[in-house]
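# Fold and contact review
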Amino acid sequence: MAGSGAPLTPVMPDSSPRPTAGRMPLAVYILGLSVFALGTSEFMLSGLLPPIADDMDVSIPRAGLLISAFAIGMVAGAPLLAVATLRLPRKTTLVALISVFGIGQVAGALATGYEVLFVSRVVSALACAGFWAVGAAVAIAMVPVTARARAMAVMIGGLSIANVLGVPAGAFLGEHLGWRSAFWAVGGASAVALIGVVTLIPRIPLPERRPRLRGELAIYRDRQVWLSIVVTALAAGGVFCAFSYLAPLLTDVAGLADGWVPAVLALFGVGALIGTVIGGRVADAHLFGVLLSGITASTVLLAALALFASSPAVVIVLSLLLGVSAFYTAPALNARMFNVAGAAPTLAGATTTAAFNLGNTGGPWLGGTVIDADFGYAGTAWAGGAMTLVAIGFAAVSLRLHSRSRVVMSGGPVTETASVERAQRV
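Quick summary incoming for the structure in this document. Here the residue numbering is sequential within each chain, running from 1 through the sequence in written order. Two thresholds apply to this predicted model, a pLDDT of at least 70 for residue-level local features and 80 or more for giving and counting side-chain atom pairs, whereas whole-chain, interface and lining totals are computed over all residues. Calculation of side-chain values draws on the structure's entire complement of heavy atoms; hydrogens and water are dropped beforehand.

Next up on the list: the pattern of salt bridges. Basic side-chain nitrogens of Lys or Arg form a salt bridge, by our definition, when they fall within 4 Å of a carboxyl oxygen of Asp or Glu. Tallied over the full model, the rule gives one salt bridge. Among the salt bridges present, the one from Asp-55 reaches Arg-180, with a minimum N-O distance of 3.0 Å. With Asp-55 in helix H2 (residues 49-56) and Arg-180 in helix H7 (residues 179-200), this residue pair connects regions lying 125 residues apart in the sequence. Comment: elements are numbered from the N terminus, with helices defined as DSSP H or I runs of at least four residues and strands as E runs of at least two.

This is the structure:
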């Protein structure tokens, strides 16, 4: 594959058996558990803003800046932490980052003022971004190239479960025990994750030839890397352009009662979990097929959401299906980046994390702009569909370039996975 360099060879301690394509190491599931804690913290503030604003004596919009601070911290923190920890032992780095993240949750729970809470969110976001980047590289290192998407599906599954269980649980705790209890709960989950990382994540030896920053940064000279960034940001941003304003669309346009909102949001999370499982199992063999079909499905569903926004039953079903389509593509988006930037796995994970969060930041911004322009909440779905439509175009360009430069050892077409495997043997 052009520009991908030498993909990372799976590395396991000598005492540990190498995994097969059908068997996922327990350590990967521990990383998924850690992501559950990270994801819960990232998204739970959407249900805690009113009590936080009251307690901190700030406006709702100013409290909402806590969400923006976390997203911006993720975008900036992923590459910065990846570079800063490039030559450090992987397990030690994971332990340090999940510890800092947990301390950030405790600091948030104990915050006596808005400024302290704001700083705690930024620190937590930086640690979260670093853990995502390094954790993804560790997960990829523990499995063969034919199971990369499945490994990433396990980690993304932690995020999906956070949306299904963690975020509603945080809102429940905030309503009955105060918003600080949600921070304490995530801190407890972080402690459990820390124990798992310490006891069950194997030591991943650094390569004999230590990675150099200049060599890692060379991946950004590859246009396929930039195409992956653009596709990831647009695909994620398109969905979250509409999803971020799903609650007012449900109540103000579809006419549902407020009590329906948590249930529909949880339904989106259920769809996300289903999509992650299916996408993770299919993407290793049909990576571009998953990318193109999944993003196309999201485009169609967003258009349908805009057209039938006033129909409660249709909106509920579309919310489930949109969760499926959005997260069906997520393992493929992650695996694609590792395939084209295999020579720099940590920066590959960091770059994917930053790209997703660029979408998660830019999509809601575009949606807000559409609403301010008086196009209504249904207009956010049209805007999101436009973003995913552009993503399809860039994915098609990436496929065309890949087809031109694919590795053919014995003649005839090869799959994405086969290309990477053969390049690895060359």
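The next subject is the side chain of Thr-329. Summarising the element assignment, Thr-329 is placed in the loop between helix H13 (312-328) and helix H14 (330-340). Here a polar contact means two N or O atoms within 3.5 Å. Within protein one must be a hydrogen donor candidate and the other an acceptor candidate, and residues neighboring in sequence count only if both atoms are side-chain atoms. A polar contact of 2.8 Å, which involves the side chain of Thr-329, links it to the backbone oxygen of Ala-326. Leave out the neighbours within four places in its chain, and Thr-329 touches Val-290, Leu-291, Gly-294 and Ile-295. Should any heavy atoms of two residues lie within 4.5 Å, those residues are considered in contact.

What follows covers empty space enclosed by the protein. In the cavity and pocket records, a cavity denotes points on a 1 Å grid over the protein atoms alone where a 1.4 Å probe fits but cannot get out, a pocket denotes an open set with protein on both sides within 12 Å along at least 5 of 7 lines, and lining residues are residues with an atom within 4 Å of a point. Grid points are joined across faces, edges and corners, and a volume is the space filled by probe spheres set on the points. Under the defined criterion, the tally for this structure stands at four cavities of 30 Å³ or more. In this structure, the largest cavity is lined by 26 residues; those nearest its centre are Leu-159, Phe-327, Ala-330, Phe-356 and Asn-360. When contributions to the lining of the largest cavity are tallied by element, the ones reaching two or more residues are helix H1 (26-43), helix H6 (148-177), helix H9 (223-243), helix H12 (287-307), H13, H14 and helix H15 (345-372). Looking at the lining of the largest cavity, the element that brings in the most residues is H15, giving five residues. Per-class residue counts for the lining of the largest cavity are 15 nonpolar, ten polar and one charged. Estimates place the volume of the second largest cavity at around 60 Å³. What lines the second largest cavity is Leu-227, Ser-228, Val-231, Thr-232, Phe-288, Leu-291, Leu-333, Arg-336, Met-337, Ala-395 and Ser-398. Looking at the lining of the second largest cavity, the elements that each hand over two or more residues are H9, H12, H14 and helix H16 (378-405). Broken down by element, the lining of the second largest cavity gets its largest block of residues, four residues, from H9. Under the grouping applied here, Gly and all other residues not named as nonpolar or charged are polar, the nonpolar ones being Ala, Val, Leu, Ile, Met, Phe, Trp, Tyr, Cys and Pro and the charged ones Asp, Glu, Lys and Arg.

Next up on the list: the packing of H12 against H16. Relative to each other, H12 and H16 sit at 165 degrees, their axes nearing to 8 Å. In terms of orientation, H12 and H16 fall into the roughly antiparallel class. For the element pair H12 and H16, the recorded crossing hand is left-handed. Broken down by class, the residue content of the contact of H12 with H16 amounts to 17 nonpolar, seven polar and no charged. An axis is simply a line fitted to the C-alpha atoms; with a helix, the fit covers only the stretch in contact. Between two such axes, the angle follows the N-to-C directions and lies from 0 to 180 degrees. Comment on the angle field: the value is read as roughly parallel under 35 degrees, roughly antiparallel over 145, roughly perpendicular from 65 to 115, and oblique elsewhere. Handedness of a crossing follows from how the near helix is turned relative to the far one, being left-handed for an anticlockwise turn of less than a right angle and right-handed for a clockwise one.

What follows covers unusual backbone geometry. A positive phi angle is found at Asp-57, which is not glycine, with a value near 60 degrees. Between buried and exposed lies partly exposed: a residue is buried under 20% and exposed over 50% of the maximum accessible area for its type, with that area taken using a 1.4 Å probe on protein chains only. The class for Asp-57 is exposed, based on a relative accessible area of 70%. Positive phi, close to 65 degrees, is recorded for Asp-374, a residue that is not glycine. Topologically, Asp-374 is positioned in the loop between H15 and H16.

Quick look at the nonpolar core now. Only buried Ala, Val, Leu, Ile, Met, Phe, Trp, Tyr and Cys residues count toward a nonpolar core, and they belong to the same one when joined by side-chain atoms within 4.5 Å. In terms of nonpolar packing, the biggest core is built from 122 residues, with Leu-31 and Trp-132 touching the most fellow members. The leading source of residues in this core is helix H5 (residues 114-141), at 15 residues. If we ignore the near neighbours within four places in the chain, the residues touching Leu-31 are Leu-94, Phe-131, Gly-135, Val-138, Ala-139, Met-142, Met-155 and Ile-201.

Okay, the packing of aromatic side chains next. Here a Phe, Tyr or Trp ring, Trp counted by its six-membered ring, pairs with any other such ring whose centre lies within 6.5 Å, and the pair is stacked when the planes are under 30 degrees apart, edge-to-face when over 60, and tilted otherwise. Within this structure, the stated rule accounts for six aromatic pairs. Between Tyr-220 and Trp-226, the ring centres sit 5.9 Å apart and the planes meet at 50 degrees, which makes this aromatic pair tilted. Their ring planes at 80 degrees and their centres at 6.4 Å tell us that Phe-268 and Phe-327 sit as a pair that is edge-to-face. Separated by 59 residues along the polypeptide, Phe-268 in helix H11 (residues 260-282) and Phe-327 in helix H13 bring together distant segments of the chain. You can call Phe-268 buried: its relative accessible area is 1%. Taking relative accessible area as the criterion, Phe-327 reaches 7% and is therefore assigned buried.

Counted residue by residue, H14 has eleven buried out of eleven residues, so it is predominantly covered. If you check which residues of H14 are buried, you get Ala-330, Pro-331, Ala-332, Leu-333, Asn-334, Ala-335, Arg-336, Met-337, Phe-338, Asn-339 and Val-340.

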